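# Examination of the molecular architecture
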Amino acid sequence: MLKSIAAVEEGGLTSIVEGGNDVLLNIDASGVQVDILVNEEWTGQPESRFTLHEWRKVLEHWKYLLELPKGSEEVVIVKLP
């Protein structure tokens, strides 16, 4: 996913649609729209729109969280503008 964002930022790709488990991500130069497909009211919402920078930050912190040792009590907090 981080490589996909970089490709869009660098102009190698104009848009990407990825998803799984009832979540659809529409990524283009204007940002990332996260749609939850199990409820029609949860698609296309402005609260689910992120800049590429914000989404990169979310992914980097999620990756960090996943790489923590099992049993770690560390808390990961991501602040977005």
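See above for the structure.
In what follows, the accompanying structure is described. (Residues numbered from 1 in each chain as written. Predicted model: local features only at pLDDT ≥ 70, side-chain atom pairs only at ≥ 80, totals over all residues. Heavy atoms only, no water.)

### What to know about unusual backbone geometry
A positive phi angle, close to 50°, is found at asparagine 21, a residue other than glycine. Residue placement: asparagine 21 occurs in the loop between β1 (15-20) and β2 (23-28). If you check the backbone angles, aspartate 22 has positive phi at about 65° while not being a glycine. Using a relative accessible area of 45% as the deciding quantity, one classes aspartate 22 as partly exposed. (Helix = DSSP H or I, 4+ residues; strand = E, 2+ residues; numbered from the N terminus. Buried < 20%, exposed > 50% of the residue type's maximum accessible area, 1.4 Å probe, protein only.)

### Brief notes about the nonpolar core
Listed in full, the eleven residues of the largest apolar core are Ile5, Val8, Ile16, Leu25, Ile27, Val32, Val34, Phe50, Leu52, Trp55 and Leu59. At the level of secondary structure, the elements contributing two or more residues to this core comprise α1 (2-10), β2, β3 (31-36) and α2 (52-66). Of the residues forming this core, the biggest block, three residues, is contributed by α2. Once you skip the residues sitting within four places of it in the chain, valine 34 turns out to touch Val23, Leu24, Leu25, Trp42, Ser48, Phe50 and Trp55. (Core = buried A, V, L, I, M, F, W, Y, C linked by side-chain atoms within 4.5 Å. Contact = heavy atoms within 4.5 Å.)

### Digging into the side chain of glutamate 54
Its place among the elements puts glutamate 54 in helix α2. In this structure glutamate 54 is buried but unpaired, with arginine 49 as the nearest side chain of opposite charge at 8.4 Å. At 2.9 Å, the side chain of glutamate 54 forms a polar contact with the backbone nitrogen of threonine 51. In this structure glutamate 54 touches Arg49, Leu80 and Pro81, once residues within four positions along its chain are discounted. (Lys, Arg positive; Asp, Glu negative; His and termini not counted. Salt bridge = Lys/Arg side-chain N within 4 Å of Asp/Glu carboxyl O. Polar contact = N/O pair within 3.5 Å; in protein donor to acceptor, adjacent residues only side chain to side chain.)

### As for the packing of aromatic side chains
This structure, assessed with the given rule, holds one aromatic pair. Between phenylalanine 50 and tryptophan 55, the aromatic rings sit 5.2 Å apart at their centres with planes inclined by 45°, giving tilted as the arrangement. We classify phenylalanine 50 as buried; its relative accessible area is 18%. The exposure class assigned to tryptophan 55 is buried, which follows from its relative accessible area of 11%. (Phe/Tyr/Trp six-rings, centres within 6.5 Å; stacked < 30°, edge-to-face > 60°.)

Purely spatial values, then, with no claim about function.
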